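# Residue-level structure breakdown
What follows is each chain in one-letter form.
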Amino acid sequence: MTLKDLSEKIHVSPSTISRVMNNKPGISERTRNRVFEALKEQGMHSSTWKVKQAGSDARFIGLIVRARGEEQDNIFYQTSIQGCEVELNKHNIISIPLVYTDEKGLSFENSPIAVERFQGFILRGQSIPTECIASLQRYNVPIILLENDNENFELDSIRCNNRQLACSMTEHLIAKGYTRIFHITGPKNWYNNSERINGYRQALSQCRMKPEILNMKDTTLRTGRDAFLEYGNMLKGAGIFFVNDAMAIGFLDEAKKAGLYAPNDFAIAGFDDIPWATLSHPALTTAHVDVKGMARIAAIRMIDLLDGHGTPTIKVEMKGRLVIRQTT
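These remarks concern the structure in this document.

## Focus: the sheet that holds strand β9 (residues 239–242)
Strand order in this open sheet of 4 strands is β8-β7-β9-β10, and the pairing throughout is parallel. Where the open sheet ends on each side, the last strands, each with one partner, are β8 (212–215) and β10 (267–269). The sheet shows a mean angle of 20° between the axes of neighbouring strands, direction not considered. Taken together, the 4 bridges between strand β7 (residues 181–185) and β8 define a ladder with parallel strand orientation. Residue H183 lies in a different strand from β8, and its bridge partner there is I213. Across the face of the sheet, helix α7 (residues 162–175) comes into contact with β7, β9 and β10 while running at roughly 165° to β9.

## Overview of the sheet that holds strand β6 (residues 156–160)
Across a sheet, paired strands are connected by hydrogen bonds in the backbone, their directions being either parallel or antiparallel. Here we have 7 strands laid out as an open sheet, ordered β3-β2-β1-β4-β5-β6-β12, and mixed in their pairing. The open sheet has two free edges, formed respectively by β3 (105–106) and β12 (315–318), since each of these has just one partner strand. Across the sheet, helix α6 (residues 130–137) touches β1 (59–66), β2 (93–101), β3, β4 (118–124) and β5 (143–146), and the angle it forms with β5 is around 155°.

## Digging into the packing of aromatic side chains
Scanning the entire structure with this criterion turns up 9 aromatic pairs. With a centroid separation of 5.4 Å and an interplanar angle of 35°, the aromatic rings of F118 and F121 are classed as tilted. Each of the two residues, F118 as well as F121, counts as buried. Ring geometry for F228 and F251: centres 5.3 Å apart, planes at 80°, overall edge-to-face. In this pair, F228 sits in helix α9 (residues 221–231) while F251 sits in helix α10 (residues 245–257), placing the two residues 23 residues apart along the sequence.

## Description of α9
When we look at burial in α9, the residues that qualify are L221, T223, G224, A227, F228 and Y231. Buried residues along α9 sit against β7, β8, α10 and α11 (276–279).

## Description of unusual backbone geometry
A cis amide bond links A262 to the next residue, P263, at an omega of 5°. Note on placement: P263 falls in the loop between α10 and β10. Residue P282 is bonded to the preceding H281 through a cis peptide linkage, with omega at -5°. Structurally, P282 can be placed in the loop between α11 and β11 (286–288). Although it is not a glycine, D273 adopts a positive phi angle of roughly 60°. Along the chain, D273 turns up in the loop between β10 and α11. Here D273 falls in the buried class, since its relative accessible area comes to 18%.

## Details of the side chain of N162
Inspection of the secondary structure puts N162 in helix α7. For N162, the residues in contact, after removing those within four places along its chain, are Y191, N192, E195, R196 and F271.

## Quick look at the packing of α7 against helix α8 (residues 191–206)
The axes of two packed helices give the description: the angle between them and the distance between them. For the pair α7 and α8, the least separation of the axes is 7 Å and the interaxial angle reads 40°. On the basis of their axis angle, the class for α7 and α8 is oblique. The crossing of α7 and α8 is right-handed. Across the interface between the two elements, N162, R163, A166, C167, T170, E171 and I174 of α7 pack against Y191, N192, E195, R196, N198, G199, Y200, Q202, A203, L204 and Q206 of α8.

Cut-offs used in this document
- Residues numbered from 1 in each chain as written.
- Predicted model: local features only at pLDDT ≥ 70, side-chain atom pairs only at ≥ 80, totals over all residues.
- Heavy atoms only, no water.
- Pairing = 2+ DSSP bridges.
- Helix = DSSP H or I, 4+ residues; strand = E, 2+ residues; numbered from the N terminus.
- Axes fitted to C-alpha atoms, helices over the stretch in contact; angles between N-to-C directions.
- Contact = heavy atoms within 4.5 Å.
- Phe/Tyr/Trp six-rings, centres within 6.5 Å; stacked < 30°, edge-to-face > 60°.
- Buried < 20%, exposed > 50% of the residue type's maximum accessible area, 1.4 Å probe, protein only.
- Parallel < 35°, antiparallel > 145°, perpendicular 65-115°, else oblique.
- Left-handed = near helix turned anticlockwise from the far one by under 90°.

Shown next, in the form of structure tokens:
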């Protein structure tokens, strides 16, 4: 079926279908789902379309994310795809989305190309496990860790200044007068979590305050809600620094159901500055992270490596900034 045929079948313009297939912004969720359902019926998806449109000189890299139960990290993943494509498309390099799941590991079953055709991989997010990274090394192609690092491998990594931002956020809560400041995070062995814990500890040690760290099994909206259900009563009157915005927003949502609000009942700070942070009520204090900028740097580095211009392993830390809103 051609793009024109599909357009006539679902009454959506060819240009809109193309934008959906290439993960471009500005399309309503309803239209996007409609296009994806039609593509699914035809046995196609956006990656297949990219491969069919690619020239004979095209190169392919895999852009890998971990699916987290029913909450795949869509905001960051889509932003990362867009950030990478800005640079990759200039060099006729096609990014193919690939998903790691805890149940199946990294599967190439739905990939439109054979694994041997991938010339590099960008792994996005701190929750990609060590065994997944190790499994890719046997293909002897460049691997870049985006928003992550792993001491078990000598690989390029692009991330934000987690420790410094976490320290600054904790100092902000101290300056607001809170004598108890909790840090609610996920698995402590994930890179970003670990670095943000270190920043939180650093700020408290300077004031001789006791760290109070609560580890959850993940860092999603759901685990934020679970954190309130488990710890909400003991957190009244405290400052709470969450490892990311998703957990902070889940916590706030569950707190409202119990009649508790920030900043009256507790101060809430997140990390990442996702779009939802401005839409929460009240608007969430957070640390802004340039996700798209980091993705572009990862793509530029991949281009250099594929072209044989790569220098020894690099570790890039991009600066972020605090965004103080109404929850603190």
